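An overview of the molecular structure
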Amino acid sequence: MDKKQIRERIAKRVAKELKDGDIVNLGIGMPTMVANFIPEGVEVILQSENGFVGLGPAPAEGEEDPDLTNAGGQPVTILPGGAFFDSAQSFAIIRGGHVDATVLGALQVDEKGNLANWMIPGKMVPGMGGAMDLTVGAKKVIIAMEHTAKGGKPKILKQCTLPLTAKEQVNLIVTEMAVIEVTKDGLLLKEVGRGLTAEDVQNATEAQLIIDPNLKEMDV
Amino acid sequence: MDKKQIRERIAKRVAKELKDGDIVNLGIGMPTMVANFIPEGVEVILQSENGFVGLGPAPAEGEEDPDLTNAGGQPVTILPGGAFFDSAQSFAIIRGGHVDATVLGALQVDEKGNLANWMIPGKMVPGMGGAMDLTVGAKKVIIAMEHTAKGGKPKILKQCTLPLTAKEQVNLIVTEMAVIEVTKDGLLLKEVGRGLTAEDVQNATEAQLIIDPNLKEMDV
Amino acid sequence: MKKVVSLEEALDNIRDGMTVMIGGFLAVGSPLKIIDGLIEKGVKDLTVIANDTAFPDRGIGKLIVNKQIKKAIVSHIGTNPETGRQMNEGETEVELVPQGTLAEQIRAAGAGLGGILTPTGLGTIVEQGKQKIKIDDKEFLLELPLKADIALIKAKKADKKGNLVYNKSARNFNPLMATAADLVIAEVEELVEVGEIDPDEVMTPGIFVDMIVKGGE
Amino acid sequence: MKKVVSLEEALDNIRDGMTVMIGGFLAVGSPLKIIDGLIEKGVKDLTVIANDTAFPDRGIGKLIVNKQIKKAIVSHIGTNPETGRQMNEGETEVELVPQGTLAEQIRAAGAGLGGILTPTGLGTIVEQGKQKIKIDDKEFLLELPLKADIALIKAKKADKKGNLVYNKSARNFNPLMATAADLVIAEVEELVEVGEIDPDEVMTPGIFVDMIVKGGE
């Protein structure tokens, strides 16, 4: 699989986690792609932390409104029935538990559900933006990321080594190789990518995986 | 003076304390009357804690809007340039120091600037409404009240005996008999009513008054 | 979930002993039709969180007179002598809260805050039983969030997704309460199609509103 | 006070070393004309409170590139590599704050709160140096108010009393910052007469706005 296929596969699988009526915040980057794969008949309301609900697709070329962007600064649209608000209200929605699910990328995630995705000390410090509030506030935190870093280095660890974004908040990890649920007993491997075994996934994962007795193949 | 004359005199004198451009919250009852006596050329913006600025006069009969009342529930109007908001914003304005002056009635006020105006235990407990926030938040707290209670009982005391509305927040006391400033040294008698002496005022006041060397007659 | 419901369907959700927020300020901006429904249905032992208890014959005051409220958490009861009487005779519990603090407590619950620090009430009986926190030599009271099982609010206009627009001073506590309850029921004067309310003019986003009841004008 | 002023009159109030809030989210809803004025004037050693440092060639980012900022209190700098470079090389101090916490800190300053309790940042380096408060076995961070000497905000429309209406996602931090600074200067696209904005549609009441500068559209 090339990069694009990998990213599409992850986004497609994450999209299946969303339920009709869910209020969802998609992080910048790959998580944004999830919007393109939401199943027929499922209507989710996308929240954009820069201040609205009802985030719609990108506008046609020439139709961009400079006052209407997503949290990544890209021109977007708002769907009928959407609403704008200020940043305090936006994060009241997020922190107050009114977002059903958030999808975020990760640098590292560990078996306790700890997440690190906002800085590599001395190297890359983009800042946490809204990620710390989203991970603490959303009812379900889904991590969408490639299974390993460059050179096959595991990103799913026994314990995160990078500064945390939030402590013990991740519920589900979706990669091109696997779907893994964070349980109080540890990481539960629920699905593996087509043609892969549980062992393949374990080999690319530092944390010990618990194999779900009903282990399935990822359907994407 | 009859009751009406007394109240008018107090309201007129309080009105002179307001400066052009001031944002002012007037309490229910006599303080509301202050709006009728604001001097020519002075424009104050009245804040109504139930959710707007730009409080205007009562509407003509038949013009009442059931969705537009003051904090006492009476039909009012809003002036051009006014704005509505919710109760959190209303008290953000009040508590946040964005109100220049509030005018409130009192059951008791004392030489430290303590105010009691929200309950008489076991007898009358209307509740504090917005009074506690107003006294703490407004830049200047003006008490507008009759100088004594029924039977000439002093209301300006050495120490309040009723449950407080706020501690050490009153700046000025205006009655039909006197204008008294609360200073860190005690109560400074600045003006006396026409035909009255400082001694007359002191006799109707429990707290010891400091006589301003420039003691004046109330000009109302 | 179907958002536009009948008064009966809405009332089915409100049961004895629940904690209910009710919007309005002296009955201005209160869901009067739903309140009348509660009276007809006779739901009792309610804990009510509201700005005030209005008047004996209007708004929340009717629930007081009808003895359906076990406890009222409000800032003011002066306009309803029956509330004072019930309180003094121990029939109804009344907790008086400064209005600005009440607004922030409700907002805090909706915003996922653990509490807020306010100077309001310092040196008064309001501080009883509360934690005081000193910041740079200035003291504040720690006030905790207030949430409810149900919020009953009133708006001028709603679209079918539940986006709300309030009218004039009838806004008051309604937008705050819409964020702070498990189930939010809005009584509205006018119901319009999705898309008819400009997203910039929405005062309460529809994501907060679970049910809409068409009320009188 | 005269509310509608020239860019020059507005800039006269902003001096070296001041703490300045600047509205906007990746330069959307930022007062771009005032920012360009600051660059031309060369005001320096500013402490800037904003959501982000935008892009090197746009919005607040230009002030970073021009080395006019001593300290930036923001939630995100990822879109402006120059901010990261200056931070790593110790040229500019950057304090990173979770976006929701930043919003509440600014709001708290404007609302006269002594602080707010948030679960955001618990168990991360954000909690360093902060008081933790436990309520019913749940921990929260105590976050303090953030205020400024000047707030520079941007609105779509103002009337001559300073009532503001924002447009779409350009609202963001602007209404919050309008409440939390000693002097509030609003850059607006459109200036209308008093009475032309419906009081129900005002997003920032004019009492918060000290000066209005007519900007580009």
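1. Regarding the overall build of chain A
- Along its length, chain A carries 5 helices and 13 strands.
- Its C-alpha atoms give chain A a radius of gyration of 17 Å, within 12% of the compact-globule value 17 Å for 220 residues.
- Dimensions of chain A along its principal axes, counting C-alpha atoms only, are 50 × 40 × 30 Å.
- The buried share among the 220 residues of chain A stands at 58%.
- Pairs at least 24 residues apart make up 60% of the contacts formed inside chain A by residues separated by at least 6 positions.
- Taken as a whole, chain A presents about 9200 Å² of accessible surface, with 49% of it coming from carbon and sulfur.
- Each charge sign in chain A was given a centre, from 22 positive and 30 negative side chains, and these centres are 7 Å apart.

2. Here's the deal with empty space enclosed by the protein
- Following the criterion strictly, the structure yields 1 cavity of 30 Å³ or more and no others.
- Taken together, Asp67 of chain B together with Gly29, Lys154, Ala155, Lys156, Tyr166, Asn167, Ala170 and Glu189 of chain C make up the full set of residues lining the largest cavity.
- The element contributing the most residues to the lining of the largest cavity is strand 9 (residues 148–159) of chain C, with 3 residues.
- A class-by-class count of the residues in the lining of the largest cavity yields 3 nonpolar, 2 polar and 4 charged.

3. Notes on the interface of chain D and chain C
- Contacts between the two partners involve 22 residues from chain D and, on the opposite side, 22 residues from chain C.
- Carbon and sulfur atoms supply 52% of the area buried between chain D and chain C, which totals about 1700 Å² over both sides.
- For the pair chain D and chain C, the number of links is 4 salt bridges.
- For Arg171 of chain D, the salt bridge goes to Asp200 of chain C, with nearest N and O atoms at 3.6 Å.
- At the junction of chain D and chain C, the tally comes to 10 residue pairs in polar contact (both at pLDDT 80 or more).
- Partitioned by chemical class, the residues of the side of chain D that touches chain C number 11 nonpolar, 5 polar and 6 charged.
- Note that strand 6 (residues 115–118) of chain C and strand 6 (residues 115–118) of chain D share 3 bridges and pair antiparallel. Directly across from Leu117 of chain C, in strand 6 of chain D, lies its bridge partner Gly115 of chain D.

4. Notes on the packing of aromatic side chains
Residue and element names in this part refer to chain A.
- A full pass over the atoms with the stated rule returns 2 aromatic pairs over all chains.
- With a centroid separation of 5.4 Å and an interplanar angle of 50 degrees, the aromatic rings of Phe52 and Phe84 are classed as tilted. Placement of Phe52 in strand 3 (residues 52–56) and of Phe84 in strand 4 (residues 77–84) is noted, with a sequence separation of 32 residues between them. As far as the burial class goes, Phe52 and Phe84 line up, both buried.

5. A few points about the interface of chain A and chain D
- In this assembly, 35 residues from chain A lie in contact with 37 residues from chain D.
- Both sides of the chain A and chain D interface together cover about 2800 Å² of buried area, and 62% of this is carbon and sulfur.
- The interface formed by chain A and chain D holds 1 salt bridge in total.
- The partner of Lys168 of chain D in a salt bridge is Asp65 of chain A, with the nearest N and O atoms 3.0 Å apart.

6. Some words on the pattern of salt bridges
- What the rule picks out here adds up to 54 salt bridges over all chains.
- Via salt bridges that share partners, Lys67, Glu82, Arg85, Glu89 and Glu91 of chain C belong to a single interconnected network.

7. Comments concerning the sheet that holds strand 13 (residues 209–217) of chain A
All names here are of chain A.
- Overall, mixed pairing links the 10 strands, which are arranged 4-3-2-1-5-8-10-11-12-13 in an open sheet. Each edge of the open sheet carries a strand with a single partner, namely strand 4 and strand 13. Each strand of the sheet is rotated relative to its neighbour by a mean of 25 degrees, with strand direction disregarded.
- Bridging between strand 1 (residues 23–26) and strand 5 (residues 101–104) involves 3 bridges; their strand directions are parallel. Bridge pairing in strand 5 places Asn25 opposite Thr102.

8. Digging into the pairing of strand 8 (residues 138–143) of chain C
Residues and elements named next belong to chain C.
- Both strand 6 and strand 8 contribute to a ladder of 3 bridges, which runs antiparallel. For Thr118, the partnering residue across the bridge sits in strand 8 and is Leu141.
- Two strands pair when backbone bridges link them, and strand 7 (residues 132–135) and strand 8 are joined in this way by 4 bridges, in the antiparallel orientation. Bridge pairing links Ile133 to Phe140 in strand 8.
- Where strand 7 folds back onto strand 8 in an antiparallel hairpin, the turn is made up of 2 residues, including Asp136, whose phi is positive at roughly 50 degrees.

9. Here's the deal with the side chain of Thr102 of chain B
Residue and element names in this part refer to chain B.
- Take Thr102: it is sitting in strand 5 (residues 101–104).
- Accessibility expressed as a relative area gives 0% for Thr102, which makes it buried.
- Not counting the four nearest positions on each side in its chain, Thr102 is found in contact with Asn25, Leu134, Ala138, Lys140, Val141 and Ile142.

10. Brief notes about the relation of the copies chain D and chain C
- Note on the copies: chain D fits chain C at an RMSD of 0.0 Å, the axial shift is 0.0 Å, and the rotation between them is 180 degrees. When the rotation and shift are considered jointly, the pair of chain copies conforms to a two-fold rotation axis. Closest to the rotation axis within chain D is the C-alpha of Ile116 of chain D, separated from it by 2.2 Å.
- Comparing interface residues between copies, 100% of those in chain D also sit at the interface in chain C, which points to an isologous, same-surface contact.

11. Here's the deal with unusual backbone geometry
- Located in the positive-phi region is Ala54 of chain C, a residue other than glycine, with phi close to 50 degrees.
- As for its placement among the helices and strands, Ala54 of chain C is situated in the loop between strand 3 (46–49) and helix 3 (60–65).
- Here Asp45 of chain D, not a glycine, exhibits a phi torsion of approximately 55 degrees, which is positive.
- Considering the arrangement of structural elements, one finds Asp45 of chain D in the loop between helix 2 (32–41) and strand 3 (46–49).
- The exposure class of Asp45 of chain D is partly exposed, given its relative accessible area of 38%.

12. Considerations on the packing of helix 3 (residues 87–95) of chain A against helix 5 (residues 99–111) of chain D
- For the pair helix 3 of chain A and helix 5 of chain D, interaxial distance at closest approach is 9 Å and the crossing angle is 130 degrees. Classed by the angle they form, the pair helix 3 of chain A and helix 5 of chain D counts as oblique. As for how helix 3 of chain A packs across helix 5 of chain D, the hand of that crossing is left-handed. Two secondary-structure elements touch here, helix 3 of chain A through Ser87, Ala88, Phe91 and Arg95 of chain A and helix 5 of chain D through Gln99, Gly100, Thr101, Ala103, Glu104 and Arg107 of chain D.
- Classifying every residue of the contact of helix 3 of chain A with helix 5 of chain D gives 3 nonpolar, 4 polar and 3 charged.

The rules we used
Residues numbered from 1 in each chain as written. Chains lettered and ligands numbered in written order. Predicted model: local features only at pLDDT ≥ 70, side-chain atom pairs only at ≥ 80, totals over all residues. Heavy atoms only, no water. Helix = DSSP H or I, 4+ residues; strand = E, 2+ residues; numbered from the N terminus. Rg over C-alpha atoms; globule rule 2.2 N^0.38 Å. Buried < 20%, exposed > 50% of the residue type's maximum accessible area, 1.4 Å probe, protein only. Contact = heavy atoms within 4.5 Å. Areas by Shrake-Rupley, 256 points an atom, 1.4 Å probe, with all protein chains shown as cover. Lys, Arg positive; Asp, Glu negative; His and termini not counted. Charge placed at Lys NZ, Arg CZ, Asp CG, Glu CD. 1 Å grid on protein atoms, 1.4 Å probe; cavity = no way out; pocket = protein on both sides within 12 Å on 5 of 7 lines; lining within 4 Å. Points joined across faces, edges and corners; volume = space filled by probe spheres on them. Nonpolar A, V, L, I, M, F, W, Y, C, P; charged D, E, K, R; others polar. Buried area = accessible area lost by both parts, 1.4 Å probe. Salt bridge = Lys/Arg side-chain N within 4 Å of Asp/Glu carboxyl O. Polar contact = N/O pair within 3.5 Å; in protein donor to acceptor, adjacent residues only side chain to side chain. Pairing = 2+ DSSP bridges. Phe/Tyr/Trp six-rings, centres within 6.5 Å; stacked < 30°, edge-to-face > 60°. Axes fitted to C-alpha atoms, helices over the stretch in contact; angles between N-to-C directions. Least-squares fit on C-alpha atoms with pLDDT ≥ 70 in both. Parallel < 35°, antiparallel > 145°, perpendicular 65-115°, else oblique. Left-handed = near helix turned anticlockwise from the far one by under 90°.

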